Amino acid sequence: MDGTPYVILGHPSQSDECMRILTRTADDVPNVQNLQSVQRLKWNFTPSIRQAIQKAGEFLDWKRDRLKFHYGEISGLDKVARRRRKINTDSFAQLAIQLAYYRIHGRTTASHESCSTGQFKLGRTETIRSASIQSDAFVKAALDPTTSVERKVSLMKAALDFQVKTAHQARDGQGFDRHLFGLRMIALELGLPEPELFKDETFLESKRFRVYTSQIPGFKGMMVGCAPYHSIKDGYAVLYAMSGDDCHYVLSSFNDCPETDCVRFASALDQSLHDLTSLVSLLPVSAKL
């Protein structure tokens, strides 16, 4: 999704104006009859166009009916403790999402978080891959009762630090998803055979983002949601906003997939956020510079 709707709906400076527009009545709308430059467009709907519109509407209804959404909020996440230990808030949330998924499914999966590459001319987005060797090691240890608390804290810190590094690399144009996408499009535009890399099952699996996430900055009482990435049947979408000691989120999954349930994921996410909060409190306080 393009960033514009998120800016309008999620940014604090835009939320009030957006709500004003959404709640205005017909009396608030200018009378178009007084606008001489406005001309009504007459559309010629052929039978084929009408049929296409009907099919599109039926398809959207089917997609909508498959989706299940859940809104949740959790408090007591101790922002001060994270700040005193210089823990990046977004990395904290992403690692909690990884732990929640592992808590339910017992495995790590490809995970997607969008970031902006707007510092570059014509830059748009890149993918932050939140699942890593470091996060996998942590989530396994976190749910292993034989692993010491000290070991869990150490692995958590390594995973958080790597997540920050990965996010910075993606933001600075050092990710690989958009580069590979560009190479694939070049081959198609030149009429060349699709490179074998893009047919490799390992590569294809790496693109099955069963966990699609995005942070909604500047939470001000309004949240948005979306469907799992590219309608992956056994996927989740996790849109979240960290605000002080609280986390607000909108989750989605598909009703016709017995393996996924966004309500169950919400419960696992709440527990994971609290688990990480407890572990963060055991880290040494960073020295003031």
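You'll find the structure just up there.
Reading the values: the criteria
Residues numbered from 1 in each chain as written. Predicted model: local features only at pLDDT ≥ 70, side-chain atom pairs only at ≥ 80, totals over all residues. Heavy atoms only, no water. Core = buried A, V, L, I, M, F, W, Y, C linked by side-chain atoms within 4.5 Å. Buried < 20%, exposed > 50% of the residue type's maximum accessible area, 1.4 Å probe, protein only. Helix = DSSP H or I, 4+ residues; strand = E, 2+ residues; numbered from the N terminus. Contact = heavy atoms within 4.5 Å. Pairing = 2+ DSSP bridges. Axes fitted to C-alpha atoms, helices over the stretch in contact; angles between N-to-C directions. Expected span 1.5 Å × (residues − 1). Parallel < 35°, antiparallel > 145°, perpendicular 65-115°, else oblique. Left-handed = near helix turned anticlockwise from the far one by under 90°. Nonpolar A, V, L, I, M, F, W, Y, C, P; charged D, E, K, R; others polar.

Considerations on the nonpolar core
Here is step 1: Judged by nonpolar contacts, the single largest core of 40 residues is most densely connected at F138, M156, F265 and L269.
Here is step 2: Contributing elements (two or more residues each) for this core: α5 (89-105), α6 (133-142), α7 (149-171), β5 (236-243), β6 (246-254) and α10 (262-280).
Here is step 3: Of the residues forming this core, the biggest block, ten residues, is contributed by α5.
Here is step 4: Setting aside its immediate chain neighbours within four residues, L269 contacts A96, I97, A100, Y249 and L251.

Description of the sheet that holds strand β4 (residues 211-215)
Here is step 1: With mixed pairing, six strands are arranged side by side in an open sheet as β1-β6-β5-β4-β2-β3. Looking along the sheet, the strands with just one partner apiece sit at the ends: β1 (67-74) and β3 (125-128). On average, each strand axis in the sheet is inclined to that of its neighbour by 25°, with strand direction left out of account.
Here is step 2: When β1 meets β6, the two strands line up antiparallel, connected through eight bridges. Bridge pairing in β6 links E73 to H248.
Here is step 3: Docked against the sheet, helix α3 (residues 47-66) engages β1 and β6, running at close to 45° with respect to β1.
Here is step 4: In the packing of α7 onto the sheet, the strands contacted are β2 (111-116) and β3, and the crossing angle to β3 comes to about 160°.

Focus: α7
Here is step 1: The first and last C-alpha atoms of α7 sit 33 Å apart over 23 residues, in line with the 33 Å expected at 1.5 Å per residue.
Here is step 2: Residues of α7 that are buried make contact with α5, β2, β3, α6 and α10.
Here is step 3: With its phi angle positive at about 80°, G173 sits one or two positions after the end of α7.

Quick notes on unusual backbone geometry
Peptide bonds are, in most cases, trans, and in most cases residues other than glycine have a negative phi.
Here is step 1: Of note, D78 is a non-glycine position whose phi angle comes to about 50°, a positive value.
Here is step 2: Here D78 lies in the loop between β1 and α4 (79-84).
Here is step 3: Phi angles above zero are rare outside glycine, and L122 is one such case at about 65°.
Here is step 4: Mapped onto the elements, L122 comes out in the loop between β2 and β3.
Here is step 5: By relative accessible area, L122 is classed as exposed at 79%.

Quick notes on the packing of α5 against α10
Here is step 1: Between α5 and α10, the shortest axis-to-axis distance is 8 Å and the interhelical angle comes to 125°. The orientation of α5 relative to α10 falls into the category oblique. Remark: the crossing between α5 and α10 carries right-handed chirality. The segment α5 lies against α10, with F92, L95, A96, I97, L99, A100, Y101, R103 and I104 engaging R264, F265, A268, L269, Q271, S272, L273, D275, L276, T277 and V280.
Here is step 2: Residue composition of the contact of α5 with α10, by class: 14 nonpolar, three polar and three charged.

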